[in-house]
Amino acid sequence: MHVKSKTLVKAYSKLSEISTQYAEFAEQTAARSFYDNSPTLVLCERIAELYEKSNLAALLKAKIKNAFKMLDEEELKILACWKRGNREGLFLSERSYFRKLSRTFTKLESALKIQGVTDEAFKKVYSAKLVYIKTLASIYEVEAQGIAKRLKSLKINRSFSSSLKSKDSESLNEEASSAEVKGDRITTEKEERISTGKSERIPMATRPGKAAGRNGRRTKTPYIAHYSA
């Protein structure tokens, strides 16, 4: 999720200060070496490492600056607004802003690769040796993992809802087809009765055959003969 480009855009304004601080630490370490009991080789390696980090921070800023030159004016404004945390002066909707921001980060990463800041170099050189870069990268990596989890949950929910909809439509189709088959069968039976002239008997009492009259005698159960239209 554009971890490298976000980290370098955020750190760009701080790299000059970081380079100066590493150079000052190297000078202070060299000045205190008279009172340090460490071996001379260890002190020399420590001072050389501090100067290397100072030069690395300055070199990284120069490469980021050259990568910025490959972006147009609107893309630079979008990056500046993202760094500030607002969209003032862009006159873009939220959806358009984030869509253009994603394209700008992608273009910036391509420009950084041209300058030699590849993903491997970012992790093994700049992030490994510069503490500030490493800290920012870890923050944006956690943010990217959270976004990936949310996107995964959204995809699962969408697939689950679509499967439910497909099941509901299948059950409705089955019910409709069964009802259609049943209706065809009933219609066919009615047509057969009409063609053969057979009648249907509808009992008027609860018990078939005979029913009790008013005087207690058993009478035959009346029936109604009718034809189904």
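For the structure, check the block above.
Here is what the cut-offs are and how they apply
- Residues numbered from 1 in each chain as written.
- Predicted model: local features only at pLDDT ≥ 70, side-chain atom pairs only at ≥ 80, totals over all residues.
- Heavy atoms only, no water.
- Helix = DSSP H or I, 4+ residues; strand = E, 2+ residues; numbered from the N terminus.
- Buried < 20%, exposed > 50% of the residue type's maximum accessible area, 1.4 Å probe, protein only.
- Contact = heavy atoms within 4.5 Å.
- Core = buried A, V, L, I, M, F, W, Y, C linked by side-chain atoms within 4.5 Å.
- Polar contact = N/O pair within 3.5 Å; in protein donor to acceptor, adjacent residues only side chain to side chain.
- Salt bridge = Lys/Arg side-chain N within 4 Å of Asp/Glu carboxyl O.
- Axes fitted to C-alpha atoms, helices over the stretch in contact; angles between N-to-C directions.
- Parallel < 35°, antiparallel > 145°, perpendicular 65-115°, else oblique.
- Left-handed = near helix turned anticlockwise from the far one by under 90°.
- Nonpolar A, V, L, I, M, F, W, Y, C, P; charged D, E, K, R; others polar.
- Phe/Tyr/Trp six-rings, centres within 6.5 Å; stacked < 30°, edge-to-face > 60°.

So, on to the overall build of the chain. Secondary structure assignment for the chain yields 7 helices and 4 strands. Reading the chain from its N end, one meets helices and strands in the order α-α-α-α-α-α-α-β-β-β-β. In the chain, which comprises 229 residues, the share counted as buried stands at 25%. Within the chain, counting contacts between residues at least 6 apart in sequence, those at least 24 apart form 67% of the total.

Once that is clear, we can look at the nonpolar core. Leu8, Leu60, Ile64, Phe68, Leu79, Leu108 and Ile133 are the most contacted members of the largest nonpolar core, which totals 39 residues. Listing elements by their share of this core, those giving two or more residues are helix 1 (3-11), helix 2 (15-32), helix 3 (40-68), helix 4 (73-84), helix 5 (94-114), helix 6 (119-129) and helix 7 (131-196). Broken down by element, this core gets its largest block of residues, 8 residues, from helix 3.

Turning our attention to the side chain of Lys6. Note that Lys6 resides in helix 1. Judged by relative accessible area, Lys6 falls into the buried class, the value being 12%. Of note is the side chain of Lys6, whose polar atom sits 3.3 Å from the side chain of Glu143.

A few words now on the pattern of salt bridges. All told, the structure shown has 8 salt bridges when counted by the stated rule. Across the salt bridge formed by Lys6 and Glu143, the nearest N and O atoms sit 3.3 Å from each other. Here Glu143 lies in helix 7 and Lys6 lies in helix 1, a separation of 137 residues in the sequence. Here Lys100 makes a salt bridge to Glu74, at a shortest N to O gap of 2.9 Å. With Lys100 in helix 5 and Glu74 in helix 4, this residue pair connects regions lying 26 residues apart in the sequence. The class of Lys100 is partly exposed, set by a relative accessible area of 23%.

So, on to helix 1. With respect to burial, helix 1 is a largely interior element, 8 of its 9 residues being buried. Here helix 1 has its buried residues at Val3, Lys4, Ser5, Lys6, Thr7, Leu8, Val9 and Ala11.

Take the environment of Phe122 next. In this structure, Phe122 sits in helix 6. The sequence separation of Phe122 and Leu60 amounts to 62 residues, and the corresponding C-alpha distance is 9.9 Å. Apart from the residues lying within four places of it in its own chain, the contact partners of Phe122 are Lys4, Thr7, Leu8, Ser127, Ile133 and Ala137.

With that out of the way, let us pick up the packing of helix 3 against helix 6. With their axes 10 Å apart at the nearest point, helix 3 and helix 6 run at an angle of 120 degrees to one another. Viewed along their axes, helix 3 and helix 6 adopt a mutual orientation that is oblique. Two packed elements cross with a definite hand, and for helix 3 against helix 6 that hand is left-handed. In contact with Glu52, Lys53, Leu56, Leu60 and Lys63 of helix 3, helix 6 contributes Val125, Tyr126 and Lys129. Residues that form the contact of helix 3 with helix 6 fall into these classes: 4 nonpolar, no polar and 4 charged.

On to the side chain of Ser54, then. Tracing the sequence through the fold places Ser54 in helix 3. A distance of 2.7 Å separates the side chain of Ser54 from the backbone oxygen of Ser19, its partner in a polar contact. For Ser54, the contacting residues outside a window of four places in its chain are Ser19, Tyr22 and Ala23.

Further remarks concern the packing of aromatic side chains. Scanning the entire structure with this criterion turns up 4 aromatic pairs. Ring centres 5.2 Å apart and planes at 70 degrees place the aromatic pair Tyr12 and Phe68 in the edge-to-face group. With Tyr12 in the loop between helix 1 and helix 2 and Phe68 in helix 3, the pair connects residues that are 56 residues apart, well separated along the chain. Under the relative-accessibility criterion, Phe68 is labelled buried at 15%. With 5.0 Å between their ring centres and 70 degrees between their planes, Tyr97 and Phe98 make a pair best called edge-to-face. What makes Tyr97 buried here is its relative accessible area of 5%. Here the aromatic residues Trp82, Phe105 and Tyr140 are joined through ring pairs into a cluster of three or more.

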